[in-house]
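Architecture at a glance
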Amino acid sequence: MPKVVPATRRQLTLLIAVAGIAAAVLAAVLIPVPYVILSPGPTLNTLGAKPSGKDLIQISGHHTYPTDGHLNLVTVAYQGGPANSLNLFAALQGWLTPHEAVVPQEELFGTSQTQQQVTRQDTQQMVSSQQLAQAAALCQLGIKFQTVDTINFVQAGMPAAGVLHKGDVITAVDGKPVTCKTPTGTLIKARAPGAAVVLTVDRNGVTHDFRLKTASAGGKAVVGIGVLESYRFRAT
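Residues numbered from 1 in each chain as written. Predicted model: local features only at pLDDT ≥ 70, side-chain atom pairs only at ≥ 80, totals over all residues. Heavy atoms only, no water.

Side note on unusual backbone geometry
Note the threshold: Runs of H or I in DSSP of at least four residues are treated as helices and runs of E of at least two as strands, each being numbered from the N terminus.
Of note in this structure, D174 is not a glycine but carries a positive phi near 55 degrees. Tracing the backbone shows D174 in the loop between β7 (169-173) and β8 (176-177).

Right, dumping it as C-alpha coordinates:
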(Lines give C-alpha, C1' and ligand atoms only; values in the text may rest on other atoms or scores of the structure.)
Protein backbone atom coordinates (compact mmCIF):
# COMPACT_ATOMS: atom_id res chain seq x y z
CA MET A 1 0.00 0.00 0.00
CA PRO A 2 1.22 3.51 -0.78
CA LYS A 3 2.29 5.49 2.19
CA VAL A 4 -0.04 8.40 3.13
CA VAL A 5 1.95 11.58 3.62
CA PRO A 6 0.31 13.94 6.16
CA ALA A 7 -0.42 17.45 4.95
CA THR A 8 2.04 20.06 6.03
CA ARG A 9 1.03 23.22 7.91
CA ARG A 10 1.63 25.25 4.76
CA GLN A 11 -0.69 23.04 2.73
CA LEU A 12 -3.40 23.21 5.39
CA THR A 13 -3.12 27.00 5.49
CA LEU A 14 -3.39 27.14 1.69
CA LEU A 15 -6.47 24.88 1.67
CA ILE A 16 -8.15 26.95 4.37
CA ALA A 17 -7.36 30.17 2.47
CA VAL A 18 -8.74 28.75 -0.80
CA ALA A 19 -11.89 27.56 0.98
CA GLY A 20 -12.32 30.97 2.58
CA ILE A 21 -11.92 32.76 -0.74
CA ALA A 22 -14.39 30.39 -2.41
CA ALA A 23 -16.92 30.97 0.38
CA ALA A 24 -16.46 34.73 0.11
CA VAL A 25 -16.95 34.67 -3.68
CA LEU A 26 -20.04 32.48 -3.32
CA ALA A 27 -21.47 34.82 -0.68
CA ALA A 28 -20.79 37.86 -2.89
CA VAL A 29 -22.69 36.19 -5.74
CA LEU A 30 -25.64 34.84 -3.74
CA ILE A 31 -26.21 37.40 -0.98
CA PRO A 32 -28.10 40.50 -2.21
CA VAL A 33 -26.92 43.98 -1.29
CA PRO A 34 -29.40 46.83 -0.58
CA TYR A 35 -28.33 49.08 -3.47
CA VAL A 36 -29.74 50.19 -6.82
CA ILE A 37 -27.78 51.15 -9.94
CA LEU A 38 -29.01 54.27 -11.76
CA SER A 39 -28.04 54.85 -15.39
CA PRO A 40 -29.16 57.12 -18.25
CA GLY A 41 -32.35 55.89 -19.90
CA PRO A 42 -33.67 56.57 -23.41
CA THR A 43 -34.69 60.08 -24.48
CA LEU A 44 -37.77 61.06 -26.46
CA ASN A 45 -38.15 64.21 -28.55
CA THR A 46 -41.63 65.29 -27.47
CA LEU A 47 -41.91 67.75 -30.38
CA GLY A 48 -41.44 65.10 -33.04
CA ALA A 49 -42.65 61.91 -31.37
CA LYS A 50 -45.65 60.17 -32.89
CA PRO A 51 -46.13 57.03 -30.77
CA SER A 52 -49.58 56.26 -32.25
CA GLY A 53 -49.32 58.16 -35.50
CA LYS A 54 -50.29 61.37 -33.67
CA ASP A 55 -48.21 64.13 -32.13
CA LEU A 56 -47.30 63.41 -28.52
CA ILE A 57 -48.20 67.01 -27.59
CA GLN A 58 -51.63 67.99 -28.89
CA ILE A 59 -53.36 71.34 -28.37
CA SER A 60 -56.98 71.96 -29.32
CA GLY A 61 -59.11 75.06 -29.07
CA HIS A 62 -56.18 77.47 -29.36
CA HIS A 63 -53.95 78.73 -32.15
CA THR A 64 -50.65 76.87 -32.44
CA TYR A 65 -47.35 77.71 -34.11
CA PRO A 66 -44.81 75.57 -35.98
CA THR A 67 -41.94 74.23 -33.89
CA ASP A 68 -38.44 73.08 -34.65
CA GLY A 69 -35.54 71.76 -32.65
CA HIS A 70 -35.90 69.27 -29.81
CA LEU A 71 -37.70 69.16 -26.47
CA ASN A 72 -36.31 65.93 -25.09
CA LEU A 73 -37.92 63.91 -22.34
CA VAL A 74 -35.10 62.28 -20.38
CA THR A 75 -35.44 59.14 -18.32
CA VAL A 76 -33.40 57.27 -15.73
CA ALA A 77 -33.13 53.48 -15.79
CA TYR A 78 -32.40 51.41 -12.69
CA GLN A 79 -31.17 47.93 -11.86
CA GLY A 80 -31.97 46.21 -8.60
CA GLY A 81 -34.82 46.68 -6.18
CA PRO A 82 -36.83 44.35 -3.95
CA ALA A 83 -37.84 42.07 -6.81
CA ASN A 84 -34.43 41.86 -8.49
CA SER A 85 -31.69 42.51 -5.93
CA LEU A 86 -28.09 43.18 -6.91
CA ASN A 87 -25.14 41.12 -5.75
CA LEU A 88 -21.88 42.66 -4.56
CA PHE A 89 -20.10 42.23 -7.90
CA ALA A 90 -22.85 44.07 -9.80
CA ALA A 91 -22.79 46.90 -7.25
CA LEU A 92 -18.99 47.20 -7.49
CA GLN A 93 -19.20 47.28 -11.28
CA GLY A 94 -21.73 50.11 -11.02
CA TRP A 95 -19.44 52.05 -8.66
CA LEU A 96 -16.58 51.73 -11.16
CA THR A 97 -18.67 52.78 -14.19
CA PRO A 98 -18.46 56.57 -14.77
CA HIS A 99 -21.99 57.01 -16.20
CA GLU A 100 -23.75 54.98 -13.48
CA ALA A 101 -24.57 55.79 -9.87
CA VAL A 102 -25.08 53.36 -7.00
CA VAL A 103 -27.52 54.56 -4.32
CA PRO A 104 -29.15 52.87 -1.30
CA GLN A 105 -32.24 50.93 -2.24
CA GLU A 106 -34.35 52.76 0.35
CA GLU A 107 -33.93 56.04 -1.58
CA LEU A 108 -36.13 54.63 -4.34
CA PHE A 109 -38.27 52.06 -2.58
CA GLY A 110 -38.40 53.25 1.03
CA THR A 111 -38.09 50.77 3.84
CA SER A 112 -41.29 48.75 3.35
CA GLN A 113 -42.53 49.36 -0.21
CA THR A 114 -42.68 46.64 -2.84
CA GLN A 115 -41.56 47.25 -6.40
CA GLN A 116 -45.21 47.25 -7.52
CA GLN A 117 -46.07 49.93 -4.95
CA VAL A 118 -43.16 52.09 -6.12
CA THR A 119 -44.26 51.69 -9.75
CA ARG A 120 -47.80 52.85 -8.86
CA GLN A 121 -46.38 55.76 -6.87
CA ASP A 122 -44.11 56.77 -9.76
CA THR A 123 -47.08 56.64 -12.15
CA GLN A 124 -49.11 58.87 -9.85
CA GLN A 125 -46.23 61.32 -9.57
CA MET A 126 -45.91 61.43 -13.37
CA VAL A 127 -49.63 62.23 -13.73
CA SER A 128 -49.28 64.87 -11.02
CA SER A 129 -46.27 66.44 -12.74
CA GLN A 130 -48.19 66.60 -16.02
CA GLN A 131 -51.03 68.40 -14.24
CA LEU A 132 -48.55 70.79 -12.62
CA ALA A 133 -46.99 71.58 -15.99
CA GLN A 134 -50.40 72.18 -17.57
CA ALA A 135 -51.50 74.37 -14.65
CA ALA A 136 -48.27 76.41 -14.76
CA ALA A 137 -48.68 77.07 -18.48
CA LEU A 138 -52.38 78.01 -18.22
CA CYS A 139 -51.68 80.21 -15.19
CA GLN A 140 -48.94 82.06 -17.06
CA LEU A 141 -51.21 82.54 -20.09
CA GLY A 142 -54.11 83.73 -17.95
CA ILE A 143 -56.41 80.89 -19.10
CA LYS A 144 -58.90 80.10 -16.35
CA PHE A 145 -59.06 76.77 -14.53
CA GLN A 146 -59.94 75.74 -10.98
CA THR A 147 -57.34 75.29 -8.25
CA VAL A 148 -58.48 72.83 -5.57
CA ASP A 149 -56.66 73.09 -2.22
CA THR A 150 -57.64 70.05 -0.13
CA ILE A 151 -56.53 69.74 3.49
CA ASN A 152 -54.24 66.73 3.77
CA PHE A 153 -53.55 66.91 7.51
CA VAL A 154 -54.27 69.09 10.55
CA GLN A 155 -51.47 69.60 13.07
CA ALA A 156 -52.33 69.00 16.72
CA GLY A 157 -51.98 71.99 19.01
CA MET A 158 -52.35 74.51 16.19
CA PRO A 159 -55.26 76.92 15.52
CA ALA A 160 -56.88 74.62 12.93
CA ALA A 161 -56.94 71.59 15.26
CA GLY A 162 -60.50 70.58 16.09
CA VAL A 163 -61.89 73.11 13.60
CA LEU A 164 -60.73 72.04 10.16
CA HIS A 165 -60.75 68.42 8.98
CA LYS A 166 -58.78 66.34 6.53
CA GLY A 167 -60.66 66.42 3.21
CA ASP A 168 -61.97 69.97 3.64
CA VAL A 169 -61.46 72.07 0.49
CA ILE A 170 -60.38 75.67 1.06
CA THR A 171 -62.00 77.89 -1.57
CA ALA A 172 -61.15 81.36 -0.25
CA VAL A 173 -59.07 83.18 2.36
CA ASP A 174 -60.50 86.42 3.75
CA GLY A 175 -62.91 86.37 0.83
CA LYS A 176 -60.14 86.12 -1.79
CA PRO A 177 -60.62 83.06 -4.04
CA VAL A 178 -57.91 80.41 -4.08
CA THR A 179 -56.25 80.43 -7.51
CA CYS A 180 -52.99 79.32 -9.11
CA LYS A 181 -51.49 82.75 -8.36
CA THR A 182 -52.99 83.04 -4.87
CA PRO A 183 -52.88 79.59 -3.21
CA THR A 184 -53.99 79.04 0.36
CA GLY A 185 -50.53 79.20 1.91
CA THR A 186 -49.66 82.50 0.23
CA LEU A 187 -52.94 84.09 1.29
CA ILE A 188 -52.60 82.96 4.92
CA LYS A 189 -49.01 84.18 5.20
CA ALA A 190 -49.96 87.66 3.92
CA ARG A 191 -50.41 88.89 7.52
CA ALA A 192 -48.47 89.13 10.76
CA PRO A 193 -48.44 86.03 12.98
CA GLY A 194 -51.24 86.24 15.51
CA ALA A 195 -53.60 88.11 13.18
CA ALA A 196 -56.98 86.56 12.43
CA VAL A 197 -57.83 84.86 9.15
CA VAL A 198 -61.17 83.71 7.74
CA LEU A 199 -61.10 80.49 5.72
CA THR A 200 -64.00 79.57 3.44
CA VAL A 201 -64.24 75.80 3.35
CA ASP A 202 -66.27 73.37 1.24
CA ARG A 203 -67.05 70.40 3.50
CA ASN A 204 -69.05 67.65 1.78
CA GLY A 205 -70.70 70.19 -0.50
CA VAL A 206 -71.62 72.64 2.28
CA THR A 207 -69.79 75.98 2.57
CA HIS A 208 -68.50 77.11 5.99
CA ASP A 209 -66.54 80.16 7.14
CA PHE A 210 -64.04 79.63 9.97
CA ARG A 211 -62.26 82.48 11.75
CA LEU A 212 -58.90 81.44 13.22
CA LYS A 213 -56.13 83.27 15.01
CA THR A 214 -52.88 82.45 13.23
CA ALA A 215 -49.76 81.12 14.96
CA SER A 216 -46.13 81.72 14.09
CA ALA A 217 -43.79 79.28 12.34
CA GLY A 218 -40.45 80.66 11.26
CA GLY A 219 -41.86 84.16 11.59
CA LYS A 220 -44.71 83.39 9.17
CA ALA A 221 -48.44 83.23 9.91
CA VAL A 222 -49.78 79.65 9.88
CA VAL A 223 -52.86 77.78 11.08
CA GLY A 224 -51.34 74.27 11.15
CA ILE A 225 -52.62 72.53 8.04
CA GLY A 226 -51.09 70.72 5.11
CA VAL A 227 -52.70 71.35 1.73
CA LEU A 228 -52.70 69.07 -1.31
CA GLU A 229 -53.18 71.10 -4.47
CA SER A 230 -54.95 69.69 -7.53
CA TYR A 231 -56.63 71.21 -10.58
CA ARG A 232 -59.83 70.98 -12.61
CA PHE A 233 -59.42 71.95 -16.22
CA ARG A 234 -62.25 72.91 -18.50
CA ALA A 235 -63.16 70.36 -21.17
CA THR A 236 -62.19 71.39 -24.69
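Focus: the pattern of salt bridges
Quick note on the threshold: When a carboxyl oxygen of Asp or Glu lies within 4 Å of a side-chain nitrogen of Lys or Arg, that pair is called a salt bridge. For each residue, the accessible area found with a 1.4 Å probe, counting protein chains only, is set against the maximum for its type, and the residue is called buried under 20%, exposed over 50%, and partly exposed in between.
Inspection of the entire model under this criterion finds two salt bridges. Note that D168 is salt-bridged to R203, the shortest N-O span being 2.8 Å. One end of the pair, D168, is in the loop between β6 (146-154) and β7; the other, R203, is in strand β9 (residues 196-203), and 35 residues separate them in sequence. Residue D168 is classed as buried on the basis of its relative accessible area, which comes to 3%. A relative accessible area of 18% places R203 in the buried class. Two residues, D174 and R191, come together in a salt bridge whose shortest N-O distance is 2.8 Å. Taken together, the residues D174 in the loop between β7 and β8 and R191 in the loop between α5 (184-188) and β9 connect sequence positions 17 residues apart. Look at R191 and you get buried, because its relative accessible area is 18%.

Considerations on the nonpolar core
What counts, and what does not: Only buried residues count toward a nonpolar core. Its members are Ala, Val, Leu, Ile, Met, Phe, Trp, Tyr and Cys residues joined through side-chain atoms within 4.5 Å. By the convention used here, residues are in contact when the closest approach between their heavy atoms is within 4.5 Å.
Core analysis: the largest hydrophobic core is formed by 15 residues, its most contacted members being L164, I170, V173, L199, L212, V223 and I225. Of all elements in the fold, only β7, α5, β9 and β10 (206-213) reach the threshold of two or more residues within this core. No other element matches the three residues that β9 contributes to this core. The contacts of L212, once residues within four sequence positions are left out, are P159, A160, V163, L164, A195, A196, V197, L199 and V223.

Comments concerning the sheet that holds strand β4 (residues 76-80)
Put simply, the test is: Two strands qualify as a pair provided that DSSP identifies no fewer than 2 bridges between them. Lines are fitted to the C-alpha atoms to define the axes, a helix being fitted only along its stretch in contact, and any angle between axes, read from their N-to-C directions, falls within 0 to 180 degrees.
Here three strands make up an open sheet; going across it, the order is β4-β1-β5 and the pairing antiparallel. Of all strands in the sheet, those with a lone pairing partner are β4 and β5 (101-104), marking the two edges. The mean angle between the axes of side-by-side strands here comes to 30 degrees, regardless of whether they run parallel or antiparallel. Here strand β1 (residues 35-40) runs beside β5; their pairing, made up of four bridges, is antiparallel. Across the sheet, L38 pairs through a bridge with A101, a residue of β5.

Some points on the side chain of D149
Rule in force here: The charged-residue count follows a simple rule in which Lys and Arg add positive charge and Asp and Glu add negative charge, with His and chain termini not counted at all. Any N or O atom pair separated by 3.5 Å or less is treated as a polar contact, with the protein-specific requirement of one donor-capable and one acceptor-capable atom, and with residues adjacent in sequence counted only for side-chain atom pairs.
On the secondary structure map, D149 appears in strand β6. Buried and unpaired, D149 has R232 as its nearest opposite-charge partner, separated by 11 Å. Of the polar contacts made by the side chain of D149, one reaches the side chain of T184; its length is 2.7 Å. Other than its neighbours up to four places away in sequence, D149 contacts D168, V169, I170, V178, P183, T184, V227, L228 and E229.

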